[in-house]
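Topology and contacts: notes
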Amino acid sequence: MSRIEERFKSLNGNKALVAFFTAGDPDMSASKEIFSVIEQSGADIIEIGVPFSDPLADGPTIQASSHRSLQNGTTLKKIIQLVVTIRSQSNLPIVLMSSFNPVFVYGQKAFVEDAVKAGVDGVILPDLPPEEAEEFLGYADAKNLDTIFLLAPTSTPERIKRIGEVSKGFIYYVSLTGTTGTKTELPQNLEEKVTAIKDKVKLPVLVGFGISGPEQACEAAKHSDGVIIGSAIVKLIASHSDPEARNRKISEFISGIKNSLTNSS
């Protein structure tokens, strides 16, 4: 059983909180600290973003964080080493979220082997559809690395079925078409869409894109198995240059979201 699967099992029906931040923003040392703050504040799984110069689905907030990180010299190899350092102190499930290009350049087999050895539990590659993922899935499945695929409001029943067959860990439901970012309200058809997915897949279904606070998280969790929050966290990191203030704000935010999810369960 993977660490991700174990985490969902340990929740006993409570809703999961997955938190995202971009590695290397503002720097690698801060990233290690930010991971620790997010973990201690109640996140169940942490997504570490791999910066890329031409991302597919990132909105302006995460694009800006990726740019800052790349300017600092962040690479995929350095991020894997960051995971090694984190893993010596934490057993929380870690997921890397990356465009496929850095993985392809690294070498698919080498990436999977190094990531698993470092302690990575799962990977999300938004621009790698299952039809083109056979080689990667072969390496990942052999090493028990969970490959997490995305579904969207436009996904057909056939696509939902296909993603349900190949995805491991959980299903990432993109609640909005377009790019990531915080929104003022969730789509009205969220319940209908998530219910249709849950009828066809066995894995937990988590809602991401556009969730900016406890109220939205609570609403999204009513219809799903949990939420994924990224842009709101990245925005907090960008807006606080003082590490102490940054960590306090992140902690307050994550704790507030987790409390709202606990109350909604």
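Refer to the structure printed above.
Read on for a plain summary of the structure. Note on numbering: residues in each chain are counted from 1, in written sequence order. Residue-level local features of this predicted model are given only where pLDDT is at least 70; pairs of side-chain atoms are given and counted only at 80 or more, and the full residue set underlies all totals for whole chains, interfaces and linings. Side-chain metrics in this entry use all non-hydrogen atoms of the structure; hydrogen atoms and water are not considered.

**Focus on the side chain of Gln 108**
This is how it is decided: Numbering goes from the N terminus for both helices and strands, where a helix is a DSSP run of H or I of at least four residues and a strand is a run of E of at least two. The contact rule is simple, with two residues in contact once any of their heavy atoms fall within 4.5 Å.
Mapping Gln 108 onto the fold places it in helix 6 (residues 108-118). When sequence neighbours within four positions are dropped, the list of residues in contact with Gln 108 reads Phe 100, Val 103, Glu 135, Phe 136 and Tyr 139.

**With respect to the packing of aromatic side chains**
Ring pairs (aromatic) are described by centroid distance and by the angle formed between their planes. For the record, the criterion: Side-chain rings of Phe, Tyr and Trp, where Trp is taken by its six-membered ring, are said to pair if the distance between their centres is within 6.5 Å; with planes under 30 degrees apart they count as stacked, over 60 as edge-to-face, and otherwise as tilted. Only protein chains enter the accessibility calculation, which uses a 1.4 Å probe; a residue is then buried when its area is under 20% of its type maximum, exposed when over 50%, and partly exposed in between. Two thresholds decide whether a charge sits over a ring: the Lys NZ or Arg CZ must be within 6 Å of the ring centre and within 35 degrees of the ring normal.
Applying the stated criterion to the full structure yields five aromatic pairs. Measuring from centroid to centroid gives 6.1 Å for Tyr 106 and Phe 111, while their planes differ by 80°, and the two rings are edge-to-face. With a centroid separation of 6.0 Å and an interplanar angle of 85°, the aromatic rings of Tyr 172 and Phe 209 are classed as edge-to-face. Placement of Tyr 172 in strand 7 (residues 171-174) and of Phe 209 in the loop between strand 8 (205-208) and helix 10 (214-223) is noted, with a sequence separation of 37 residues between them. Here Tyr 172 and Phe 209 have matching classes, each one buried. Through a chain of ring-to-ring contacts, three or more aromatic side chains come together here, namely Tyr 106, Phe 111 and Phe 136. In this arrangement the basic side chain of Lys 77 is found over the ring face of Tyr 106, its NZ or CZ atom lying 5.8 Å from the centre.

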